[in-house]
Amino acid sequence: IQEEWNSGSLKIKSVDDFIDTHLKRLKTSTLTSRKNSLRSFKKHLFGTTDKKLLVSDITHRNCRVVYDTMRNAKLSQATINTCLKGIRATYNDMYKYGVDGVKEELKIERGLIKKSRPKIPTILRTEDYLSGVDKVKTQLEWEAMAIGILSFALRGLDLVDLFKINSNNIDNIILNMVNYI
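What counts as what
- Residues numbered from 1 in each chain as written.
- Predicted model: local features only at pLDDT ≥ 70, side-chain atom pairs only at ≥ 80, totals over all residues.
- Heavy atoms only, no water.
- Helix = DSSP H or I, 4+ residues; strand = E, 2+ residues; numbered from the N terminus.
- Expected span 1.5 Å × (residues − 1).
- Buried < 20%, exposed > 50% of the residue type's maximum accessible area, 1.4 Å probe, protein only.
- Salt bridge = Lys/Arg side-chain N within 4 Å of Asp/Glu carboxyl O.
- Disulfide = S-S within 2.5 Å.
- Phe/Tyr/Trp six-rings, centres within 6.5 Å; stacked < 30°, edge-to-face > 60°.
- Lys NZ or Arg CZ within 6 Å of the ring centre and 35° of its normal.

Draft legend 1. Inspection of helix 2 (residues 28–46) at higher detail. Taking 1.5 Å as the rise per residue, helix 2 with 19 residues should run 27 Å; its terminal C-alpha atoms sit 27 Å apart, in good agreement. Buried residues of helix 2: L31, R34, S37, L38, S40, F41, K42, H44 and L45, and no others.

Draft legend 2. Seen up close, the pattern of salt bridges. Here the structure, examined in full by the defined rule, presents eight salt bridges. A salt bridge links D93 to R34, with the shortest nitrogen-to-oxygen separation between them at 2.9 Å. With D93 in helix 4 (residues 77–97) and R34 in helix 2, the pair connects residues that are 59 residues apart, well separated along the chain. Per residue, the accessibility class of D93 equals that of R34, and both read buried. Note that D93 is salt-bridged to K96, the shortest N-O span being 4.0 Å. With a gap of three residues between them, D93 and K96 both fall in helix 4, about one helical turn apart. Overall, the relative accessible area of 11% leaves D93 in the buried class.

Draft legend 3. Looking closely at the state of the cysteines. Enumeration over the complete set of coordinates arrives at zero disulfides. Its sulfur unpaired, C63 is 8.3 Å from the next cysteine sulfur, which belongs to C83. Residue classification places C63 among the buried positions, given a relative accessible area of 2%. Look at C83 and you get buried, because its relative accessible area is 2%.

Draft legend 4. Structural detail: the packing of aromatic side chains. Taken as a whole and assessed by the stated rule, the structure comprises one aromatic pair. Between F18 and Y97, the aromatic rings sit 5.6 Å apart at their centres with planes inclined by 75°, giving edge-to-face as the arrangement. A residue pair is termed long-range when its members are at least 10 positions apart, and F18 in helix 1 (residues 15–22) and Y97 in helix 4 qualify at 79 residues. Of the residues examined, F18 reaches a relative accessible area of 0% and is grouped as buried. It is K51 that lies over the ring of F46; its NZ or CZ is 4.4 Å from the centre.

The structure is reproduced here in structure tokens:
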């Protein structure tokens, strides 16, 4: 790596060299994550990981190219987020260290990094229940559905706990309910 201190600027040849030389202070897991982000970015930008990534290669346009390539490869949004956030963190470290050619911190274009939102199940409607009953054909399916409905009626009581219930528990519950009413 060619290092020259020239009026507060650090001259390096590539992002790869910067990571190897200046980010050794990071804990091992973070350093590994940064290297993985770099490798992924290069793979989806150049089609290979052999070429070194220059500082000038990290642009908004190239971040978009990498995003589009990763989406076309059907990679998950979490994988894309990890890659782009790692590149952004490395670039911003280069800015902090005063690397020549880095004029400002990198802000990833809106829409490239998205929160992964899990699908929230909808509330079971009466029509859904009746449709499910119509599809049941075997005794095993009936039993499974009955256990599911019982678990729902017991406010999500775990199946393991359900088998631990004995008649004494039920008698106590009924007795308490009678006293309550």
